[in-house]
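Tertiary structure, described
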Amino acid sequence: LPPADNGTTSHPNGTLQQFPQIIIIGVRKGGTRALIEMLSLHSTVVAAQNEVHFFDWESHFQKGLSWYLSQMPYTFPEQLTVEKTPAYFTSSKVPKRIFQMNPNIKLLLILRDPTERVLSDYTQVFYNRLQKHKRYQPIESVLVKDGEINLGYKALNRSLYYTHMQNWLQYFPMESIHVVDGDRLIKDPLPEMKKVERFLKLEPQINASNFYFNKTKGFYCLRDHGRERCLHDSKGRAHPHVAPAILQKLYQFFHQPNKKFFELVGRTFNWN
Ligand code: A3P
């Protein structure tokens, strides 16, 4: 395919591959798939199908920006491209790399109660292992060590939003980052998506008819030009039961970091 003047690759029917103008940077298990699917309801936005892992995986990053571009969907020139790679948020080398590609890029970050996120993270790994016919320790033995919260458990670190957010704010102003409330997106997606449209300066298009509550799934599903679909079964799974005393310890563990995060972003969230 012939390269166009702006470094993009053009295609005979007038479509081209563009670098994303929007990236969903995380957080893992925050609701990133729901967010990108809901954003794709908008006619201006086209999403990359897979998680690209360009800025966080060295083997991909080494292939350079032309490889990154080749991973993007074909769009009309006036459309916007979005990709999501939830691991970007917690990878400290990523903010600088994205900044060097495009300092004006718009970043979406979807967060969820840090404790809920840990349980969701555990559940994800549990099922990944099950698929490979491997066992995983019960949740409580992962969470607790010698009667205290097990600080060696990696999923806890991913929920320390304050730490990761600081890295991003070294490169991007708060105006470039919109935080989506993942707990609210679950309960009532439309208001959260209207805010996303506004942040991206998109013509308001997403509306109530785009969502319907599916009682069997227990989550909202999407309606797009009359076609109805829910997210994959791996989205919206039941979490393991955790003893209330351990949950309390987790809430306590996140209490200070959460407060610091609220101060950092100038906004509070309804987290435990
Ligand atoms: P759980 O499966 O733990 O409930 P991600 O796509 O970043 O991996 O996030 C997965 C989470 O998205 C799910 O976590 C689920 O809670 C949340 N989610 C938000 N809206 C959803 C929807 N409409 N359908 C299914 N899951 C949704």
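Attention here is on the structure that accompanies the text. (Residues numbered from 1 in each chain as written. Predicted model: local features only at pLDDT ≥ 70, side-chain atom pairs only at ≥ 80, totals over all residues. Heavy atoms only, no water.)

A short note on the environment of N157
Mapped onto the fold, N157 is located in helix α7 (residues 154-158). Considered as a pair, N157 and V118 are 39 residues apart in the sequence and their alpha carbons are 9.2 Å apart. (Helix = DSSP H or I, 4+ residues; strand = E, 2+ residues; numbered from the N terminus.)

Some thoughts on the side chain of H178
Structurally, the position occupied by H178 is in strand β10 (residues 177-181). You can call H178 buried: its relative accessible area is 12%. Other than its neighbours up to four places away in sequence, H178 contacts L107, L108, L109, K195, V196 and F199. (Buried < 20%, exposed > 50% of the residue type's maximum accessible area, 1.4 Å probe, protein only. Contact = heavy atoms within 4.5 Å.)

Some remarks on the packing of helix α8 (residues 161-169) against helix α11 (residues 244-265)
Across the interface, α8 lies against α11 with an axial gap of 8 Å and an inter-helix angle of 25°. Our classification of the angle between α8 and α11 gives roughly parallel. Contacts from Y161, Y162, M165, Q166 and L169 of α8 reach α11 at P257, K260, F261, L264 and V265. When grouped by side-chain class, the residues that make up the contact of α8 with α11 number 8 nonpolar, 1 polar and 1 charged. (Axes fitted to C-alpha atoms, helices over the stretch in contact; angles between N-to-C directions. Parallel < 35°, antiparallel > 145°, perpendicular 65-115°, else oblique. Nonpolar A, V, L, I, M, F, W, Y, C, P; charged D, E, K, R; others polar.)

Digging into the pairing of strand β12 (residues 219-224)
Here strand β11 (residues 211-214) runs beside β12; their pairing, made up of 4 bridges, is antiparallel. Along β12, the bridge assignment pairs F213 with Y220. Two successive antiparallel strands, β11 and β12, enclose a turn made up of 4 residues, where G218 displays a positive phi of approximately 80°. Pairing geometry for β12 and strand β13 (residues 227-229), over 3 bridges, is antiparallel. Directly across from L222, in β13, lies its bridge partner R229. Where β12 hands over to β13, the hairpin turn is made up of 2 residues, of which H225 adopts a positive phi near 50°. (Pairing = 2+ DSSP bridges.)

Some remarks on the site of the ligand
Neighbouring the ligand are 19 residues, the closest being T32, S120, Y220, G236 and H239. Separating an oxygen atom of the ligand from a side-chain N or O atom of S120 is a distance of 2.6 Å. For the ligand, whose accessible area on its own is 570 Å², the fraction buried by protein is 97%. Taken together, the elements giving at least two residues each to the shell around the ligand come down to α1 (32-39) and β12. Top element by residues in the shell around the ligand is α1. It accounts for 4 residues. For the shell around the ligand, the per-class residue count stands at 6 nonpolar, 7 polar and 6 charged. (Near = heavy atom within 4 Å. Polar contact = N/O pair within 3.5 Å; in protein donor to acceptor, adjacent residues only side chain to side chain. Areas by Shrake-Rupley, 256 points an atom, 1.4 Å probe, with all protein chains shown as cover.)

Focus: the sheet that holds β13
The strand order across the open sheet formed by 3 strands is β11-β12-β13, and the pairing between neighbours is antiparallel. Among the strands making up the open sheet, the edge pair consists of β11 and β13. Mean inter-strand twist for the sheet, computed between neighbouring axes without regard to direction, equals 30°.

A word on the state of the cysteines
Applying the stated rule across the entire model yields 1 disulfide. Residue C221 pairs covalently with C230 via a disulfide, S to S 2.1 Å. With the S-S bond torsion at 95°, the cross-link from C221 to C230 turns out right-handed. (Disulfide = S-S within 2.5 Å.)

A word on the pattern of salt bridges
A side chain of one charge can pair with a side chain of the opposite charge when the charged atoms of the two come close. Scanning all chains against the criterion turns up 13 salt bridges. Across the pair K194 and E197 runs a salt bridge whose closest N-O atoms are separated by 3.4 Å. Of this pair, K194 and E197 are both found in helix α10 (residues 189-199), 3 residues apart, which corresponds to roughly one turn of the helix. Put simply, R28, R117, D121 and R158 are held in one network by salt bridges that share partners. (Salt bridge = Lys/Arg side-chain N within 4 Å of Asp/Glu carboxyl O.)

So, to be careful, I would describe these as geometric facts and stop short of saying anything about function.
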